[in-house]
Amino acid sequence: MKTITLTTLKAMKEQKQKIAVLTCYDSTFAKVANNAGVDVLLVGDTLGMVLQGYDSTLPVTTEQMVYHTACVKSGNTNAFIISDMSFMTYGTLEDALKNAGLLMQAGAHMVKIEGDSWLAESIHKLTQNGVPVCAHIGLTPQSVNVLGGFKVQGKTEDQAKNLINTAKHLEEAGAAMLLIECVPSTVATQISQSVSIPVIGIGAGADTDAQVLVLHDMLGLNDKPAKFVKNFMEGQSSIESAIKEYVKAVKEGSFPSEAHQYI
Ligand code: KIV
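Within every chain, residues take consecutive numbers counted from 1 along the sequence as written. Reporting of local features is limited, given that this is a predicted model, to residues whose pLDDT is at least 70; pairs of side-chain atoms are given and counted only at 80 or more, and all residues count toward the totals for whole chains, interfaces and linings. As a rule here, side-chain values come from all non-hydrogen atoms in the structure, and water together with hydrogens is ignored.

Draft legend 1. Structural context of the site of the ligand. Around the ligand, the neighbouring residues are Thr23, Leu42, Gly44, Asp45, Thr46, Asp84, Lys112, His136, Glu181 and Ile202. Pairing of N or O atoms within 3.5 Å defines a polar contact, subject to two protein rules: one partner must be a possible hydrogen donor and the other a possible acceptor, and residues neighboring in sequence count only if both atoms are side-chain atoms. One nitrogen or oxygen atom from the side chain of Thr46 is found 2.5 Å from an oxygen atom belonging to the ligand. When the ligand is considered free in solution it has 260 Å² of accessible area, and contact with the protein chains removes 97% of it. When residues are grouped by polarity, Ala, Val, Leu, Ile, Met, Phe, Trp, Tyr, Cys and Pro land in nonpolar, Asp, Glu, Lys and Arg in charged, and all others, Gly among them, in polar. Residues that form the shell around the ligand fall into these classes: 2 nonpolar, 4 polar and 4 charged. One heavy atom suffices: a residue is near a molecule or strand as soon as one of its heavy atoms comes within 4 Å of it. Working definition of accessibility: Shrake-Rupley area with a 1.4 Å probe, residue cover restricted to the visible protein chains.

This is the structure:
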């Protein structure tokens, strides 16, 4: 199995090879995802919802993210590991550096932070200190209370322009990857074409460089799945084969289909 690095992922974007990303929270699933060919494991703070049963990601702590990052690292052989910085742990440069350091020491290859243009300063500082950053824009679940719910973002022309400018600004600040969540496909397409760094999409159409789903969602364990979720367990006899189907669908571009996109 080929070891995936940031260089590999950048080359995949240049060569228009789709990148398969999946959330992962423990060692066993890291091994299964490796065997199924997943390129990037995202230790997402969605663990607050799918493992801990909360109704948002806000209660998740850095200590918990460090624990799950270490679990994933111990089962992983070749995938690139991104770990989420949890709610309110990167609002100051000092906090961002301290908490990102803990995640990197636990085994992350990159950290992910949510927001918009205000992230630029932290991205610059973290990158200077050896921490590659993925900037999560669009629907940013840690801001659910500001956004008034888990809603599609970038629907008006002004909001769409703002998202595209934010993406360019964060790339200039040093972001090595972007994640766009729940935006109309046309907006995500423009963003992916406007930046040279890999763009991961979730609920963002088929044209982003990478796709991510939450593990429990794609295994059909969510009884209220969002529009962009596909249950890959259907018709499969094992979790590994379901994840293989997901990887295949991402790589050949058949997922997400129109049914899984916002217009
Ligand atoms: O925390 C998470 O799992 C995420 C999702 C968007 C995949 O960021």
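The structure having been displayed, the exposition proceeds.
Draft legend 2. Layout of the nonpolar core. Counting 87 residues, the largest nonpolar core has Phe80, Ile123, Met177, Ile191, Met218, Ile243 and Tyr246 as the members making the most contacts within it. A contact between two residues is defined here by any heavy atoms of the two lying within 4.5 Å. Setting aside anything within four residues of it in sequence, one finds Ile243 in contact with Leu22, Val32, Ala36, Val38, Leu215 and Met218. Note on terminology: a nonpolar core comprises buried Ala, Val, Leu, Ile, Met, Phe, Trp, Tyr and Cys residues joined through side-chain atoms within 4.5 Å. Burial classification: accessible surface area is computed with a 1.4 Å probe over protein chains only, and a residue below 20% of its type maximum counts as buried, one above 50% as exposed, and the rest as partly exposed.

Draft legend 3. Focus on the state of the cysteines. Throughout, a disulfide means two cysteine sulfur atoms within 2.5 Å of one another. Under the counting rule described, the total for this entry stands at 0 disulfides. Free of any disulfide, Cys24 has its nearest neighbouring cysteine sulfur in Cys71, separated by 9.6 Å.

Draft legend 4. Here's a closer look at the packing of helix H2 (residues 27-36) against helix H11 (residues 239-252). Helix axes use the C-alpha atoms of the stretch in contact, all axes being lines fitted to C-alpha atoms, and the angles between their N-to-C directions lie in the range 0 to 180 degrees. Per the convention used, a helix needs a DSSP run of H or I reaching at least four residues, while a strand needs a run of E reaching at least two, with both numbered from the N terminus. Between H2 and H11, the least distance of the axes is 8 Å, while the angle of their chain directions is 50°. Between H2 and H11, the interaxial angle falls into the category oblique. Between H2 and H11 lies a crossing of right-handed hand. Touching Phe29, Val32, Asn35 and Ala36 of H2 are Ile239, Glu240, Ile243, Lys244 and Val247, all from H11. In terms of residue class, the contact of H2 with H11 is built from 6 nonpolar, 1 polar and 2 charged. For this classification, under 35 degrees means roughly parallel, over 145 means roughly antiparallel, 65 to 115 means roughly perpendicular, and everything else is oblique. Whether a crossing is left-handed or right-handed is set by the direction in which the near helix is turned from the far one by less than a right angle, anticlockwise for left-handed and clockwise for right-handed.

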